[in-house]
Amino acid sequence: MEKTRLYVQELQETLDLLPVQAIEEVTEVLHSARLQGQQIFIVGNGGSASTASHFVCDLAKNTRVEGVPHFRVLDMIDNSAVFSAYANDEGYENAFAQHLANFVQPGDVVIGISTSGKSPNVLRAIELANEMKAQTIGFTGFDGGELHALTSMNIHVDSSNIEQVEDIHLILGHILTVNLRHLAAESAGQG
């Protein structure tokens, strides 16, 4: 029982440290991308891949408002055949970047999710996105790693507990989804 309470307490303390201003700024970038018809790409490994996939689902479905464009959003890991072909032939560290190179355009948004901020394949995708003049956003934990420095915007979870960083990255996706649904309603004159 005590371990459960401690986990919840630490999670709450970390939530209290979230950079609210950064979340608001990311909300605005995503809303603008939506209105301008730009694509959004999300990448992550392991638990962060699940978060990326979940966030794509939420943006695609749970932000729809009549009269406002739908999000053009893709997860770069959900096509396992393409991902594994690039990983096998060009190296795991290049799999996201090579897949992303087929789609990304200037002004698009690429979100990299990495608890450590050090995942080579996420970093390479962000480097490619920067070269292509896309907007880059990181969701990080621990010390932010290289991802923090590579992205134009970063939402940092100030924790070294991998499970809690992953918990909060999922919560960030939900916060952004709710914010974006409200902005869409306002844009459509419903808010």
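For the structure itself, look to the data block above.
The structure displayed is predicted, hence computed values, not measured ones. (Residues numbered from 1 in each chain as written. Predicted model: local features only at pLDDT ≥ 70, side-chain atom pairs only at ≥ 80, totals over all residues. Heavy atoms only, no water.)

1. Thoughts on the packing of helix α1 (residues 2–15) against helix α8 (residues 162–187)
Stage number 1. Contact geometry of α1 with α8 gives a least axis separation of 10 Å together with a crossing angle of 55 degrees. Classified by the angle between their axes, α1 and α8 sit oblique to one another. Taken as a pair, α1 and α8 cross one another with a handedness that is right-handed. Between α1 and α8, the residues in contact are Y7, E10, L11, T14 and L15 and E163, Q164, D167, I168 and I171, respectively.
Stage number 2. For the contact of α1 with α8, a count of residues per class yields five nonpolar, two polar and three charged. (Axes fitted to C-alpha atoms, helices over the stretch in contact; angles between N-to-C directions. Helix = DSSP H or I, 4+ residues; strand = E, 2+ residues; numbered from the N terminus. Parallel < 35°, antiparallel > 145°, perpendicular 65-115°, else oblique. Left-handed = near helix turned anticlockwise from the far one by under 90°. Contact = heavy atoms within 4.5 Å. Nonpolar A, V, L, I, M, F, W, Y, C, P; charged D, E, K, R; others polar.)

2. Examining the pattern of salt bridges
Stage number 1. The final tally for this structure, using the stated rule, is one salt bridge.
Stage number 2. Here R124 makes a salt bridge to E93, at a shortest N to O gap of 3.9 Å. Separated by 31 residues along the polypeptide, R124 in helix α6 (residues 120–131) and E93 in the loop between α4 (80–90) and α5 (95–100) bring together distant segments of the chain.
Stage number 3. A relative accessible area of 35% places R124 in the partly exposed class. (Salt bridge = Lys/Arg side-chain N within 4 Å of Asp/Glu carboxyl O. Buried < 20%, exposed > 50% of the residue type's maximum accessible area, 1.4 Å probe, protein only.)

3. So, the pairing of strand β4 (residues 135–140)
Stage number 1. Burial analysis of β4 places five of its six residues in the buried class, the great majority of the element.
Stage number 2. Pairing of strand β3 (residues 109–114) with β4 involves six bridges; the strand directions are parallel. Pairing of S114 across the sheet is with T140, part of β4.
Stage number 3. Note that the unit made of β3, α6 and β4 has a crossover that is right-handed.
Stage number 4. Tracing the backbone out of β4, into helix α7 (residues 145–150) and back to the parallel element strand β5 (residues 153–156) gives a crossover that is right-handed. (Pairing = 2+ DSSP bridges. Right-handed = clockwise from strand over helix to strand, strands pointing away.)

4. Thoughts on the packing of aromatic side chains
Stage number 1. All told, the structure shown has four aromatic pairs when counted by the stated rule.
Stage number 2. On the basis of an interplanar angle of 35 degrees and a centroid distance of 6.1 Å, the ring pair of F55 and F139 is categorised as tilted. Remark: F139 occurs in strand β4 and F55 occurs in helix α3 (residues 47–61); sequence separation between them is 84 residues.
Stage number 3. Relative accessible area serves as the criterion here: at 2%, F55 is assigned to the buried category.
Stage number 4. A relative accessible area of 0% places F139 in the buried class.
Stage number 5. Summarising the aromatic geometry, the rings of F83 and F96 are spaced 5.1 Å apart at their centres and angled 50 degrees between planes, so their arrangement reads as tilted. Of the two residues, F83 is situated in helix α4 and F96 in helix α5; the sequence distance between them amounts to 13 residues. For the residue pair F83 and F96, the accessibility class agrees, reading buried in each case. (Phe/Tyr/Trp six-rings, centres within 6.5 Å; stacked < 30°, edge-to-face > 60°.)

5. A word on unusual backbone geometry
Stage number 1. Not every positive phi belongs to a glycine, and K133 is a case in point at roughly 65 degrees.
Stage number 2. Taking relative accessible area as the criterion, K133 reaches 62% and is therefore assigned exposed.

6. Regarding the packing of α3 against α8
Stage number 1. α8 packs onto α3 with a crossing angle of 10 degrees between their chain directions and a minimal axis gap of 10 Å. Taken together, the axes of α3 and α8 lie roughly parallel to each other. Touching G47, S48, T51, H54, F55, D58 and L59 of α3 are E166, H169, L170, G173, H174, L176, T177 and L180, all from α8.
Stage number 2. Classifying every residue of the contact of α3 with α8 by side-chain character gives five nonpolar, eight polar and two charged.

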